[in-house]
Amino acid sequence: MHAFDVLGDPVRRRILELLAEGELTSGAVTTVISEEFGISQPAVSQHLRVLRENGFATVRPQGARRLYAVNSEPLRDVDVWLDRFRRFWTPHLDALATEIARGKRERRLNPPETQTDPTDNPTEQRTDP
């Protein structure tokens, strides 16, 4: 199965997002996925199996539990494939970073002046002419 066939399914993408945070038991994955997608435990197990068989996830037994984790190797292959398209968004992101830095620098060098309202100062007495 091609990497994008595996990643094309929103349930499998969500499982990988969960596993990117760290190892999870199949039960913990099932709880989140069942709640978010309304699918059964056997369906979640099938998605975990597809991820495992295609190298996107690893599993290790811990007693009666199974701990799943992301295997980054197939994601590197996806990254290599995406590399040919980065030229479309990288200059825009670089320009955005420049504008953000420019704005921060501008605010640092020219802080907004604080305007005070004389009526806010109780020690100041007003005299009417």
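Residues numbered from 1 in each chain as written. Predicted model: local features only at pLDDT ≥ 70, side-chain atom pairs only at ≥ 80, totals over all residues. Heavy atoms only, no water.

With that settled, the discussion passes to the packing of aromatic side chains. Overall, the coordinates contain three aromatic pairs when judged by the stated rule. Ring plane angle 45 degrees and centroid distance 4.9 Å describe the contact between Trp-81 and Phe-85, whose orientation is recorded as tilted. Take Trp-81: its relative accessible area is 35%, and that puts it in the partly exposed class. Of the residues examined, Phe-85 reaches a relative accessible area of 28% and is grouped as partly exposed. In textbook terms, an aromatic cluster arises when at least three aromatic residues are bridged by ring pairs, as seen for Phe-4, Trp-81, Phe-85 and Phe-88. (Phe/Tyr/Trp six-rings, centres within 6.5 Å; stacked < 30°, edge-to-face > 60°. Buried < 20%, exposed > 50% of the residue type's maximum accessible area, 1.4 Å probe, protein only.)

Right, let's get into the sheet that holds strand E1 (residues 24–25). On the basis of which strands lie adjacent, the open sheet formed by three strands has the order E1-E3-E2 and antiparallel pairing. With partners counted over all chains shown, the strands left at the sheet margins are E1 and strand E2 (57–62), one partner each. (Pairing = 2+ DSSP bridges. Helix = DSSP H or I, 4+ residues; strand = E, 2+ residues; numbered from the N terminus.)

Right, let's get into the pairing of E2. Where E2 meets strand E3 (residues 65–70), six bridges bridge the pair, whose relative direction is antiparallel. Note on E3: the bridge partner recorded for Thr-58 is Ala-69. A loop of two residues connects E2 with E3, the two strands running antiparallel in sequence, and Gly-63 in this loop sits at a positive phi of about 65 degrees.

What follows covers the side chain of Thr-25. Among the secondary structure elements, Thr-25 is positioned in strand E1. Residue Thr-25 is classed as buried on the basis of its relative accessible area, which comes to 18%. A distance of 3.0 Å separates a polar atom in the side chain of Thr-25 from the backbone nitrogen of Ala-28. With residues up to four places along the chain from it excluded, the contact list for Thr-25 reads Arg-65, Arg-66 and Leu-67. (Polar contact = N/O pair within 3.5 Å; in protein donor to acceptor, adjacent residues only side chain to side chain. Contact = heavy atoms within 4.5 Å.)

Next up on the list: the pattern of salt bridges. Per the stated rule, a full pass over the model turns up eight salt bridges. Arg-86 serves as the salt-bridge partner of Asp-79, at 2.1 Å between the closest nitrogen and oxygen. The class of Asp-79 is partly exposed, set by a relative accessible area of 37%. Since its relative accessible area comes to 24%, Arg-86 is described here as partly exposed. In this structure, the salt-bridge partner of Glu-99 is Arg-102, at a minimum N-O distance of 2.5 Å. Of this pair, Glu-99 and Arg-102 both sit in helix H6 (residues 90–109), separated by three residues, roughly a single helical turn. Looking at Arg-102, the relative accessible area reads 47%, which means it is partly exposed. Ionic contacts of the salt-bridge type, sharing partners, join the residues Arg-14, Glu-17 and Glu-36 into one network. (Salt bridge = Lys/Arg side-chain N within 4 Å of Asp/Glu carboxyl O.)

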